[in-house]
Amino acid sequence: MRKTMIAALLALLASGCMIGPDYLRPQVETPPAWRLSEQTANDLANTAWWKQFDDPVLDDLVSTALHNNHDLLIATARIEEFAGRYGISRAELFPQVGAGYEASRQRSILSGASSPSTYNSYQAVISASWEIDIWGRIRRLNEAARAQLLGSEDARRAVILSLVGRVSGAYINLRDLDRQLEIAQATALSRGESYSVFQERYLGGIISTLELSQNKSQYDEALASIPPIERAIAQQENGLSVLLGRNPGPIARGKNIDQLSLPTIPAGLPSDLLERRPDIQLAEQNLIAANALIGAAKAAYFPTISLTGLFGYASNGLSELFNSQSKAWQYAAPITMPIFTAGAIAGQVQEAEAQQQQALFAYQRSIQEAFREVNDALINQERTREQLRAQKQQVKALEQYSATARLRYDNGYTSYIEVLDAERSLFNVQLQYTQTQQTQFQAMINLYLAMGGGWIGEADKLTATRKVQ
């Protein structure tokens, strides 16, 4: 009789349906191509693109950050948390078995007795319970927990993506600031030498006080530009140190910004982003989890059926505990079902459905944001490249202008105002040119970040943290 009952329950469980909607990936309107096509693009999305800068110091900084960055360590620990939650959820699919032993001594007055009596009590039992998941409540919760676990891994990959980009960008920016400092210091040195000559000319009565003051202001301008750049360099080093998991301090240097190689433009189609970008994959896992929780909420409308059982021994004497007469057993199949909840279950279902809609909209928004970021990065690197070419020609023209203006002044054909204008323009454009170099490198970094790709796995190999399988 018992075997027949258990077999029937197992058959019922095997054939049980799961309440709630099954997940289907939403239809996504994917553009056929990017707004700006690039003929020189290569399929390099699966390579360690930061090595294309050809700077061993940058390679070492990226590796150090992937080992020690605290944001990445937090993301990895969060995977362990969700793995634990998944284990808890999965365990509810199986019977829960426990054991217990109790020994007690009691003193009481029995009915009809003239005096109190004292007696011992011993029992040793094994108990088991198992909720029969007919309506799929536990399986839906398990589905949600698994999606959250996979989402935590995608979140970790998103941290890796961001970290590599931030370290590379911070290093490029640091080398840009170093170059700006070199320009400012060289300009200040040149103007200081010029000011010394002008002082001698003034003392000799060759030039006026006005010309000396103009030259002095030019020298002071160059000197004043140095402290802000030095401050920015120190702050950039501090920020990069924290990304590396270190206390604020100096950062090693490799090649200067003029010697760095520009990475090649990666190839890819808009549809590739659905599989390449960890933030999109995370948004989809959140949607899967929210979708599964609808079924778990709806299952509360239906009866809950469990199997419980107990087997053991109980006696008043320890020596008699395991006698055949001391056996005790019990089994039951309790069924509970809500009758009146004042709308509590309906509210839980409404809440779950609203959260699923939020997750759906967030998933669609993440895809559109990804398309925008790639298009912006492509346009940015193309237009910055054009700007850099124009500024390079402008630097050459102003160098010629400055040299000519200085020669004309020395020969008495023009006033010092012309020299002042030429050198000030040259100084500003030199700073702008190196800033545009940094912008071009950053645009290429942003393009690789926006594209996503297998390079995240290459970076993951450099981490010292353990991934949850």
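None of these values were measured; they are calculated from a predicted model.

The rules behind the values
- Each chain carries its own residue numbering, running from 1 in the written order of its sequence.
- Predicted model: local features are reported for residues with pLDDT of at least 70 only, side-chain atom pairs are reported and counted for 80 or more only, and whole-chain, interface and lining totals are derived from all residues.
- With hydrogens and water stripped out, all remaining heavy atoms of the structure feed into the side-chain values.
- Counting from the N terminus, the helices are DSSP H or I runs at least four residues long and the strands are E runs at least two residues long.
- A helix is expected to span 1.5 Å multiplied by its residue count minus one.
- When accessible area is computed with a 1.4 Å probe and restricted to protein chains, residues below 20% of their type maximum are described as buried, those above 50% as exposed, and intermediate ones as partly exposed.
- Pairing of aromatic rings covers Phe, Tyr and Trp, the last counted by its six-membered ring, and requires centre-to-centre distances within 6.5 Å; plane angles under 30 degrees mean stacked, over 60 mean edge-to-face, and any other angle means tilted.
- A ring is considered to have a charge above it if a Lys NZ or an Arg CZ atom is located within 6 Å of its centre and within 35 degrees of its normal.

K.L.:
Would you explain helix α9 (residues 416-451) in this entry?
P.N.:
Quick reminder: α-helices carry 3.6 residues per turn. Residues three or four places apart thus point the same way. In a regular helix each residue adds 1.5 Å, so 36 residues correspond to 52 Å; α9 covers 53 Å between its end C-alpha atoms and thus fits that length. Remark: glycine 452 follows α9 within two positions and exhibits a positive phi of approximately 65°.

K.L.:
What should I look at first to understand unusual backbone geometry in this one?
P.N.:
Working note: non-glycine residues mostly have negative phi, and peptide bonds are mostly trans. Positive phi values are uncommon outside glycine, yet aspartate 54 reaches one of about 60°. Here aspartate 54 is to be found in the loop between α1 (2-14) and α2 (56-68). Of note in this structure, alanine 342 is not a glycine but carries a positive phi near 60°. When you line up the elements, alanine 342 lands in the loop between β5 (335-336) and α8 (344-410). The class of alanine 342 is exposed, set by a relative accessible area of 65%.

K.L.:
Quick question: what am I supposed to make of the packing of aromatic side chains here?
P.N.:
Each aromatic ring pair is characterised by the separation of its centres together with the angle its planes make. Per the counting criterion, the structure on display carries 13 aromatic pairs. Considering the side-chain rings of phenylalanine 53 and phenylalanine 441, the 5.7 Å spacing of their centres and the 50° angle between planes classify their relative orientation as tilted. Taken as a pair, phenylalanine 53 in the loop between α1 and α2 and phenylalanine 441 in helix α9 lie far apart in primary sequence, 388 residues in all. The pair phenylalanine 53 / phenylalanine 441 is uniform in exposure class, with both members buried. Here the aromatic rings of tryptophan 329 and tyrosine 331 are separated by 6.0 Å at their centres, their planes lie at 15°, and the arrangement is stacked. Residue class for tyrosine 331 comes out partly exposed when judged on its relative accessible area of 44%. Within the aromatic cluster, the residues linked to one another by ring pairs are Trp49, Trp50, Phe53, Phe441, Tyr448 and Trp455. Positioned above the aromatic ring of phenylalanine 427, the side-chain terminus of arginine 191 is 5.4 Å from the ring centre.

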